[in-house]
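# Structural characterization, general
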Amino acid sequence: MKNIFKKLTVFVLCASMIFTALAMSSCQGTGEELNENKTESATKEQQKDPAENEWVAIPRLIASLKKGTVITGDHIMMTVADAKDIPEGAAIKIDDIIGKYINKDVNVGAYLYEKDLSATEIKPDEPKKEPTAEELVAQLREELEAELRAEIEAQIKSEMENNGGGTAQPDGTVSVLRVVMNIRKGTKITAEHVMPVNIPEESVPEGAIVKFEAVVGKYAKNSISLGSYIYPADISISAVTPDGSFDPETEKLKEQLRAELEAELRDEIREEVMAGIATNVQTAADLGYVIITDYLAPNTGKDVSATIQSVINANPNKTIYFPDGEYILGSPIATSGKPSESVSLHLSNYATLKASSSWSNTEAMVRLGGAKAYNDINTNGSNYYFYGGIVDGNGKAKGISIDSGRETSIRNVSIKHTSIGIHIKHGANSGSSDADIDTVNIVGNNTSGSIGVLVEGYDNTLTNMRIASVQTGVKLIGAGNFMRNLHPLFIYGGNYNYTSSVGFDDQSGGNWYDFCYSDQFAVGFKMKGNTLSTYQTCFCFWYKQDSMQVGFKSTGKFNSTIWNSKVNLTTTSITSAYIQVANTGGGGRIECPIFNTACCNDATYKTYLKGEVMWTK
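Below, the structure is looked at part by part. (Residues numbered from 1 in each chain as written. Predicted model: local features only at pLDDT ≥ 70, side-chain atom pairs only at ≥ 80, totals over all residues. Heavy atoms only, no water.)

Moving on to helix 6 (residues 305-314). Among the residues of helix 6, those classed as buried are S305, I308, Q309, V311 and I312. The arc that holds every buried residue of helix 6, seen down its axis, measures 160 degrees, which confines them to one face. In helix 6, the exposed positions that point more than 90 degrees away from the buried face belong to A306, N313 and A314. Where helix 6 is buried, its residues touch strand 9 (290-291), strand 10 (319-322), strand 11 (325-329), strand 12 (333-336) and strand 13 (344-347). (Buried < 20%, exposed > 50% of the residue type's maximum accessible area, 1.4 Å probe, protein only. Helix = DSSP H or I, 4+ residues; strand = E, 2+ residues; numbered from the N terminus. Arc of directions from axis to C-beta. Contact = heavy atoms within 4.5 Å.)

This is the structure:
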């Protein structure tokens, strides 16, 4: 009975509401009367408790409205709805609706939302005007020009920053990107689309991109086939619409305009970019350097060593900058090892310090820390350096020496025609010199006794060096030194004896070698007997057969460790050995050696071999 009574109550209520709504819709009274009736009805409906009967009255549209229409009682009627079905934000009170303007087109039957109503007049939308052909061209041109300017500028900067040639590998090849899967126009390029391959440097196509960061995250402007190289013209920093996604005629027009604009803008923008870069480059004066040409003229052929020395002495804790040009030295120049008096010497790439033809001094042309020996890393100014340029010994002089100090560095220097390229002397800290040598090329003077790098001090780091035209590539008298990626090359035609040539001569032990490469020297790595050094992934190679081919040689018992190192033996007609040992015994180890045992006529390696010889014909 209770359920029947509830259903009957709901039916009567619904019938009553419907009758009220129909009566309101047919009412012929004034608008004010209608609004009063509707407000009273809505107020009564609001007084009902939805929790008891779940029904409420809510206004809905009985006519479609255009944006900007003012709402009257003729546009709405009250309907009954379950409270839980009423959309959030729907307007319920009639007086919140009547007299308001609607801000969008609304269809019959819709609820009205407060966010769609405005108390102020809203103008209806004007009919959309289709652009003329001229207006469309102008609009597209404006849009494309802004897009292309950003794109071309980024491409030019990318070419300069990320496409400056691949890094040369030890085998003379260069890494360059190639496509490993077809790339459609408009595709965002990821690392999966490309991979680096090594090819001979002379075979790299001009302009081909060599670095991941230049393409990954960019968009393909054209479809790129599997196996192709990628060029700057193939990529865009902004999304590129694939073919067919827009109206063909409009897309064709855009492509035509893009081509025309790119041709017009590229040279103009390149000039702007280059001008901007030139403007932003800091000069030596901007950096606060002391410029040596303010005190002397280069390229005079006259000895300027005394003037340079006076400038060094007068400018403690300054960087002395040498612009391009030739500066003749008749005697050594020396910096102070005392931190409060130190200077750094910075040479432009083609600035050359050249020994005079009358040079007779036994010291190096440049003596870092040579004016005053000091052992002090706590005082500001202890980290002085020699950077850049060319040091030319003129076939007579030694190049650069480190006489004292503990944080001295030599970087990005080309040293030519010297009897000793770099000489690191015993440091002031109980023999430790703690120097850093990086990215230095040395060409000796082709004489007996010539040395690329002579290291007497301890605890130095030498990395990324090329050495040629010397009797001995690197000679180590001190210990605790670390060498990585050093490549001395023996060159014929000099005034020296091939059989006594050595790539690396270790006289003290306690040194570490990583990927060091002895090229054509009679002995690749020579070590004093009973000393212990570590050789890892090292390499010996001969491009010409001569009287000897020995990878490692100990002048006494062998106590060092050789790991994963290759000796490229190719003949048995000469003295050919992976290792030679003067005295039997010693606790040395040879692990994972790589060489051709058929070309080795000395079986000493077997005594120290751990594991097996690795070789693939």
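Taken together, the side chains of V180, M181, M195 and L226 present a nonpolar region at the surface, about 340 Å² in accessible area. What makes V180 partly exposed here is its relative accessible area of 32%. (Patch = residues over 30% accessible without salt bridge, like charges linked within 9 Å, V, L, I, M, F, W, Y side chains within 5 Å. Areas by Shrake-Rupley, 256 points an atom, 1.4 Å probe, with all protein chains shown as cover. Salt bridge = Lys/Arg side-chain N within 4 Å of Asp/Glu carboxyl O.)

Among the nonpolar cores identified, the biggest contains 79 residues, and F322, L353, F386, I410 and I422 are the most heavily contacted of them. With near-sequence residues (within four places) excluded, I422 lies in contact with I400, I410, I415, I437, V440, I442, G452, V453, L454 and M465. Counting 14 residues, the second largest nonpolar core, distinct from the first, contains I71, I97, V106 and L112. (Core = buried A, V, L, I, M, F, W, Y, C linked by side-chain atoms within 4.5 Å.)

Right, let's get into the environment of V443. Here V443 is to be found in strand 21 (residues 436-444). Spatially, the C-alpha atom of V443 lies 4.8 Å from that of A468, the residues being 25 residues apart in sequence. Not counting residues within four places of it along the chain, the set of residues in contact with V443 comprises I415, K416, H417, T418, A468 and S469.

The residue S348 is located in the loop between strand 13 and strand 14 (351-355) in this model. The exposure class of S348 is buried, given its relative accessible area of 15%. Within the structure, S348 has its side chain in polar contact with the side chain of D324 (distance 2.6 Å). The residues touching S348, leaving out its near neighbours within four places in the chain, are Y321, F322, P323, D324 and G389. (Polar contact = N/O pair within 3.5 Å; in protein donor to acceptor, adjacent residues only side chain to side chain.)

No statement about biological role is implied by the geometric values presented.
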